Amino acid sequence: YFEHGMDSGFEKLFNESMDFIEQHFSDEEKLLRDIGYPMLAEHIRMHSELIERTDELRNKVRSKTINEGELVAYVVNDVVFGHLVNEDRDFYKYVK
């Protein structure tokens, strides 16, 4: 758990960040639909799994039961490296 607690602005900033991630996924899905990406269904499934995890983390932030490692692992490992860097690379060749 956060060693020094969460200040009142943390939950707001966290939720804004998670909203940004969800909007990114929505925008990306629209782009992939528009270009006829053949792996769209699988990509949407991956987004759905990440959004489910986002919802779990929102609940943990709300109840103040999240720890720093869990939060950093999700954002850095799951969203940035796991998805944006690795998975999104697969559709780059379809975007012209």
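All of the points below concern the structure found in this document. (Residues numbered from 1 in each chain as written. Predicted model: local features only at pLDDT ≥ 70, side-chain atom pairs only at ≥ 80, totals over all residues. Heavy atoms only, no water.)

## Side note on the environment of Thr-65
Summarising the element assignment, Thr-65 is placed in the loop between helix H2 (40–62) and helix H3 (68–87). Sequence spacing of Thr-65 and Leu-40 is 25 residues, and the spatial spacing of their C-alpha atoms is 34 Å. In terms of polar contacts, Thr-65 uses its side chain to reach the side chain of Ser-63, at 2.9 Å. (Helix = DSSP H or I, 4+ residues; strand = E, 2+ residues; numbered from the N terminus. Polar contact = N/O pair within 3.5 Å; in protein donor to acceptor, adjacent residues only side chain to side chain.)

## Section: the packing of aromatic side chains
The relation between two aromatic rings is expressed through the spacing of the ring centres and the mutual angle of the planes. Scanning all chains against the criterion turns up 4 aromatic pairs. An angle of 75° between the planes, with centres 5.2 Å apart, marks the rings of Tyr-37 and Tyr-94 as edge-to-face. Remark: Tyr-94 occurs in the segment after H3 and Tyr-37 occurs in the loop between helix H1 (8–34) and H2; sequence separation between them is 57 residues. On the accessibility criterion, Tyr-37 (7% relative accessible area) is buried. On the basis of relative accessible area, Tyr-94 is assigned to the partly exposed category, the value being 33%. Centroid distance Phe-91 to Tyr-92: 5.5 Å. Interplanar angle 85°. Geometry classified as edge-to-face. (Phe/Tyr/Trp six-rings, centres within 6.5 Å; stacked < 30°, edge-to-face > 60°. Buried < 20%, exposed > 50% of the residue type's maximum accessible area, 1.4 Å probe, protein only.)

## Examining the pattern of salt bridges
All chains considered together, the criterion is met by 9 salt bridges. Residue Arg-58 is joined to Glu-22 by a salt bridge in which the shortest nitrogen-to-oxygen separation is 3.5 Å. With Arg-58 in helix H2 and Glu-22 in helix H1, this pair connects stretches of sequence that are 36 residues apart. Residue classification places Glu-22 among the partly exposed positions, given a relative accessible area of 23%. Put simply, Lys-30 and Asp-34 hold a salt bridge, and the shortest N to O gap is 3.0 Å. Of this pair, Lys-30 and Asp-34 both sit in helix H1, separated by 4 residues, roughly a single helical turn. Asp-34 shares its class with Lys-30; the two are exposed. Each of Arg-53, Glu-56, Lys-60 and Glu-70 takes part in salt bridges that share partners, so that together they form one network. (Salt bridge = Lys/Arg side-chain N within 4 Å of Asp/Glu carboxyl O.)

## What to know about the nonpolar core
Core analysis: the largest hydrophobic core is formed by 12 residues, namely Phe-10, Phe-14, Met-18, Ile-21, Phe-25, Leu-50, Leu-57, Val-61, Ile-66, Leu-71, Tyr-74 and Val-79. Contributing elements (two or more residues each) for this core: H1, H2 and H3. The greatest single-element share of this core, amounting to 5 residues, is contributed by H1. (Core = buried A, V, L, I, M, F, W, Y, C linked by side-chain atoms within 4.5 Å.)

None of this, on its own, says anything about what the molecule does.
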